[in-house]
Structures are given as C-alpha cells and as structure tokens.
Amino acid sequence: MKKLEIDHITLGVCYYPEHWDKSLWRDDLRKMKEYGIETVRIAEFAWNKFEPHEGVFSFDFFDEFMEMTVEENMKVIFCTPSATPPVWMSEKYPEILNADIDGNLIYHGLRRHCNLNSEKYRFFVSRITEKLAEHYSRCSNIAAWQLDNEINCECDLYYSESDHHAFREYLKSKFGDLDELNRAIGAEFWNQTYTAWDEVHLPRRTNFSRMGNPHIGLLEKRFISDTVINFFKLQADIIRQYTDVPVTTNGLFRHVDYHRLVDEVLDYITYDNYPNFAYERRLDVSHQNGMKDRNSSYNLTRVRSISPIFGVMEQQSGPSGWNFRMEHPSPKPGQIRLWTLQAIAHGADYISYFRWRTCTFGNEIYWHGLHDYCNKPNRRTKELEKTYRDIQCLQDICGKEYIAEAALLRDYDNEWDAEEDVWHSAVDDISYDGWFRGFQKKHIPYDLVYINDMTGLDELSKYKMVVYPHPTILTEKRTVLLQAYAERGGTVIFGCRTGYKDLSGKCRMIAMPGFAAELCGVEVEDFTFLSPYDEAQYVNIGEKRVGAPCFNDVLQITDGVQLGTFESNYYAGRAALSVKKIGKGKVYYFGAAFAEDCAKAFIELEKIGSPRDLDRFINIPESVELAVRGEYIFLLNYSEDRIEMDCSASFKDMISGEIYTDKITIEGYDAVVLKGI
C-alpha cells in the first residue's frame, strides 16, 4: 500500500477557470489564500481548451491561468481530461463512444460516454496526455497529476464493440483456448458451449435483462478492472517520462481493483467525500441504517485500506444535485467542518472542497460549492475559515496512521461474485453493515483489509480479531493464511455461506464450508434462506439472544465446540455457532448473517476494547464516533444535540485548548480532538 506524503494537513479546492471570466481569476485565488486554501485542482473536463479541433493544440488559456497561480503562490493539481472527450471527436469517431447493453451508442451530452477499449480513443488520450505532460511538466507549482475523473462513475459496465473484442482478447490471454474457457464457466449448462471466439461476448440482454452465465459475469468484472488499470497505466507512463510529480486519481467506484491500481500505477488514492448523500431526497428512510452521514466513515475506512494516508479530492461543501437527478439539502451549520474532521480522523492529510463557486450553467447548477452564484461570503465560507483555524491546531497529526483493534476482511473476488449471486449479496449487505454499526457503536476502531492469495501474515497480525463474513469464494492459500493468523493468537470469525465456491464462482463438490471446514471444526448439515413467511430467527448464546437474519447454516460440530443454537424453525435447538481453538487463537463459525446485535455480542465475547482502553476512561455514547490517529483521539458528534460525557482521566482538547478532567462536552455537529495529559 502507498500513501500520500506531505508535510502538513493541507486544504485545496476544485476550480474551473473555463467557467469564469478571466477578470475573476486573480481575485478568486487571493480569496482562496485568505481562507487557507493552498491548492487548486483544474482541467479534468477541459479537453476542448487544449485541442479545440482535431490535431490543433493550444495552451494559451491555461498558460495564462498557470502563470497567475505561480504569481499568487498557489499549487496546482493538474488533470488529464479523458473523462469527457470533445464533441468533434464524438461526432467524427463514433467508435470511441460507449454503448448500452443492446449496443445503442451513448451519445455526447453528459460525461463518461467514451469507451476505454477503443484504439482510436486510446490514441487520442495518449496524445493529449503527452502534449499536456510535455508542456506543463515545466511548471514547478504542480503538486500532483490526477488521471481522468471518477472512473466508472456514471458507467461501470462496458458494451461497445471495442469492449466485446477486448474481452475476447482478455479471455484468450487468460485461458489460452476455448476448451479451458468452457470448463471455467460451466458451459455445459443450458447449452452455452463456445465453438469459436467470435461467439464470446460480454453479458448481453437475456430474458432477465443482462443476467446470464454468472461465471462470465465474474470474468466481466475482472476484465473491466484490467481495462481501467491499463487505461490509467497508459497515461501514467507518459506523464512519468516528463516528471516525477505524484500521480493519483479520485473516487471509488465499482469494478476496479483499487489496491492493484495503486500498487501498479498510482502513487496514492484520493477520495470524493459526499456525506450529504445520506440525506438524499430519493432515499427511503425506513430502509436506512440510521447512521446518516456517519456512514461516510465506512467509505473512508475503505479508502484507508488502499492508502493509509490519503487525500480527499472532493469534499462536500454545500447543497448538491444535478438538474435532473440527486437532491441533497444544505449542510447544517457545523457539518462541513465536522465532515472535514471526520476525513482527517480516518487518515486524510489533504482535503479539497468541491467547489469554489457554484456553476451558473449546465447540469450541476444545483451542486453548490463554497460560494453561491453571487460570489459573496456566506455561512459556509465562515465555517471554512473556522475549519482552517482549527486544522492549524492539529498539524502534528499529519502523517500519523489510524489505530485499529480489529479488521473486516474483504476481497474483490467475493465483492464481484456477490453481484451475480442473490444469496451472496443479501448476506453481504446485512453483515458488512451490521459489523460497521457494531464497531462504531462499541467504539472499536477497525480497518478494512482486502486479502488475496498473496496477502502476508504480517498484514493481519496487528489485529486482535478479523471478521470474514461470507467468503463464498475461499481458496486454500487464504485458508492457510487465516490458520496461521489464529495460531499466532488471533481470532477469526466466519459467517454463513463460507467456502463453497472456487475462483470461477463454481461450487465445489466438497462439504461446506469447503477448505474452512477443518479450520472451523464444523460441516454445514442443512441450510435455508429465510423467506418473508418465516418468523425472525435468533441464536441463543448463553444468556444472550442475537438476531440470525437472512440465511441459516445448520451446523454439525466435528471437532469444534458448540456455543449457540437456533431458536425457531424446523431446526430449532440445532447448532448455529461453533468455536475451535487453533494454536494460541480461535476460529468461530456463525451460521447466519451478522446483525448489529450479533456483532456487538462477538465484540463483548472476545473482550475487544478501544485503543489504550479509552472506553474505561471516557463514557462515550453510541451517537459519538471514536477514531484514533497516533496519540490523538477524535470524538465526533453527528447529532444536533449537545453531549456530555463523564471521564476519569485528564485530556486536552487540541482545538480549543480546554482541559477535561471529569466531563467532556461536545456541541451538536462538533468534535473534540483529545490528547492525554
């Protein structure tokens, strides 16, 4: 894993010189500096400014702006503009356009309408990247290059002719011949055996939209990830011929192995952090988990798994939405600052606000920035001033890593398999949310750790407990890794549906949970999903009664110890939870998805506490998040209510300077950053 390396926590802003009269530029830059902003991100949608006509290049517009940034001592993150090719390209070369599942072209008008496997498009991207790198690498104030913008955001499935062709080439390289491919995808089922490579396609429309062979669907996700990584490598290799400035990209979207992307191409990842999505108009509140903007902590935890110290390229700074989709209310007073501190608490040392001023035209006229259309100071800019002042009190945190006691394990094989498997996706959704809420409300800082067959034991050994909720795909190597971790003294927790598939997503003809059976000391004797007509299921663990939702594995204990039984249904009283001692540690198997109460029960059972036993010294309510970076303790209040907490040790608030000895007070939508004294 790679991480952002800067010498102080830095603020930036997204800026679009092409949207504004040049007379505004210098005044904007000077006002930015007054607010503590040191960096502007530019040019991600400005291809036409550099190549207004095919093969005709002009740098005058951005040269003028870049000269002004140098004069005003402002650093720049310069972007490659490959997310939105210009109109002349879309019209003259329709082969660069993406397509829907039926092959209909996605025409010009929004963004992400290009296809990354078009040789013509890759030629144009290579050329514009080289022109920009050659011309602007001389600018000493460029702090980083951003590749593209939010790859796979509007479109994460590929259907153009170029994509179908590239998919065939990908499979040829992976399998060598059609017989191997046919074996890997179970082609004998429903007469899907391929006899010529031209017969092979990415998923296409079937009786049920695009649902077809699930093993092809899994290969499709791996292919899309490869496509993205190769597309970024194309640009990064060109840029690095001219400069050693760091290279990054922004956002986390589906069907990209971001860990491999950073390891092979980027210097670190940056994230686009929009906690206000939690209040979007289209959401059904009755189906939400109640965590609201605090859910962003899960996403920030995922970012941290890729780059332990990272940047936020777009931090929400106002009400937002397009003119035809997405509607978010205005952040309440204090929330912009709270969200900034939330990002810093999880490992962000660079925070760039989206955007400086709200655009007066186009599809994002409702996606407000720090300033409204009128360009006057407002409560959001006043909040930015306070945020900047407060960050200056926290500069010693820069570079320090997040301290976690436990880890949730994930991997891309299972993440993508769950998109093809309704049983898998259902339990995953419940369990990752259940563990997130359990860890948050019990104040157990945790990491997300993505594992594969190359993961080393040292990556897990720093955690007291690892939870791998539902690895339907579980290889022998990952099983051996988890056994070694347990032997060293760690605790492993599995949930239902573990271990019955291979890397192709095909089911193994061995007793479930597959390679984990010996490790857990159980076999799955029977199983069922819980239908809407079944009563809610529970498992009794000693005196505790915890939910066992969605899917149940009825266990036969082989050489483990039974700890819990199902309460109802035809398997009432049968084994639901087992534990087996492995070396100095232990392995649990829980025959259901993990609800929040179940996650909390395991935390209590294993006596997992907060770092440095903070839960013994501060009585933190569930509504407050605890995060720890180095020796600094973040307590974040996401509610509008003032909160008082008893404490039995002495702490100093690094922002206000206040000393707490018996009570800690946090106002609504506020935070304290403590250090023990």
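Relevant structure appears above.
Residues numbered from 1 in each chain as written. Predicted model: local features only at pLDDT ≥ 70, side-chain atom pairs only at ≥ 80, totals over all residues. Heavy atoms only, no water.

1. Regarding the packing of helix α6 (residues 161–175) against helix α8 (residues 214–239)
Just so we agree on the cut-off: Axes here refer to lines fitted to C-alpha atoms; in helices the fit is confined to the stretch in contact. Angles between the N-to-C directions go from 0 to 180 degrees. Secondary structure elements are defined from DSSP: runs of H or I of at least 4 residues count as helices, runs of E of at least 2 residues count as strands, and each element is numbered from the N terminus. What sets the label is the angle itself: under 35 degrees gives roughly parallel, over 145 gives roughly antiparallel, 65 to 115 gives roughly perpendicular, and the rest give oblique. Residue contacts are counted whenever heavy atoms from the two residues lie within 4.5 Å of one another.
Contact geometry of α6 with α8 gives a least axis separation of 10 Å together with a crossing angle of 100°. Judged by the angle between their axes, α6 and α8 are roughly perpendicular. Within the contact between the two elements, α6 uses Asp163, Ala166, Phe167, Tyr170, Leu171, Lys174 and Phe175 and α8 uses Ile216, Leu219, Glu220, Arg222, Phe223 and Asp226.

2. With respect to the pairing of strand β11 (residues 465–468)
Going by this rule: The classification of residues rests on relative accessible area computed with a 1.4 Å probe and restricted to protein chains. Under 20% of the type maximum is buried, over 50% is exposed, and intermediate values are partly exposed. The criterion for strand pairing is that DSSP finds at least two bridges linking the strands in question. A crossover gets the label right-handed when its path from the first strand over the helix to the second runs clockwise, viewed with the strands pointing away from the viewer.
Covered by surrounding structure in β11 are Met465 and Val467 together with Val466 and Tyr468, the residues of both alternating faces. Bridge count between strand β9 (residues 406–410) and β11: three bridges; the pairing is parallel. Counterpart to Leu408 in the pairing with β11 is Val467. Across four bridges, β11 lies against strand β12 (residues 491–494) in parallel orientation. Paired with Val466 across the strands is Val492, a residue of β12. This β-α-β element, β11 to helix α16 (residues 476–487) to β12, shows right-handed connectivity.

3. A short note on the pattern of salt bridges
Applicable threshold: For salt bridges, the criterion is a side-chain nitrogen of Lys or Arg within 4 Å of an Asp or Glu carboxyl oxygen.
Scanning all chains against the criterion turns up 64 salt bridges. Across the pair Arg616 and Asp613 runs a salt bridge, and its minimum N-O distance is 3.6 Å. Take Arg616: its relative accessible area is 59%, and that puts it in the exposed class. Judged by relative accessible area, which is 37%, Asp613 ranks as partly exposed. Here the residues in one salt-bridge network are Asp433, Arg437, Lys441, Glu596, Lys600 and Glu622, joined through shared partners.

4. Let's talk about the packing of aromatic side chains
Formally: Here a pair means two rings of Phe, Tyr or Trp (six-membered ring of Trp) with centres within 6.5 Å. Their orientation is stacked below 30 degrees between planes, edge-to-face above 60, and tilted elsewhere. By the criterion adopted, a ring carries a charge over it if an Arg CZ or a Lys NZ lies within 6 Å of its centre and within 35 degrees of its normal.
Taken as a whole and assessed by the stated rule, the structure comprises 46 aromatic pairs. Members of the aromatic cluster, joined through ring pairs, are Tyr15, Trp25, Phe50, Phe59, Phe61, Phe62, Phe65, Phe78, Tyr136 and Trp145. In this structure, Arg304 is placed above the aromatic ring of Tyr402, and the distance from its NZ or CZ to the ring centre is 3.6 Å. Over the face of the ring belonging to Tyr279 we find Lys332, whose NZ or CZ atom lies 5.4 Å from the ring centre.

5. Section: a nonpolar patch on the surface
To be explicit about the condition: Exposure above 30% relative accessible area and the absence of a salt bridge qualify a residue for a patch, where like charges join within 9 Å and nonpolar side chains (Val, Leu, Ile, Met, Phe, Trp, Tyr) within 5 Å. Surface accessibility in these figures is a Shrake-Rupley result with a 1.4 Å probe; residues are shielded only by whichever protein chains are displayed.
On the surface, Val422, Trp423, Phe527 and Phe529 cluster together into a nonpolar patch covering about 390 Å² of accessible area. Of all the secondary-structure elements, those providing two or more residues to the nonpolar patch are α14 (422–441) and β13 (522–529). Tracing the backbone through its elements, the reader meets Phe527 in strand β13. The partly exposed category is assigned to Phe527, whose relative accessible area is 33%.

6. Structural notes on the nonpolar core
To be explicit about the condition: The term nonpolar core refers to a set of buried residues drawn from Ala, Val, Leu, Ile, Met, Phe, Trp, Tyr and Cys, joined through side-chain atoms within 4.5 Å.
One finds Val40, Phe50, Phe78, Tyr136, Leu181 and Phe494 to be the most contacted residues of the largest nonpolar core, which totals 149 residues. For this core, the element with the most residues is α8, which contributes eleven residues. With sequence-adjacent residues up to four places away left out, Tyr136 is seen in contact with Phe50, Phe59, Phe62, Asp63, Met66, Phe78, Ile142 and Trp145. Judged by nonpolar contacts, the second largest core, of 35 residues, contains Ala406, Met465, Val467 and Leu577.

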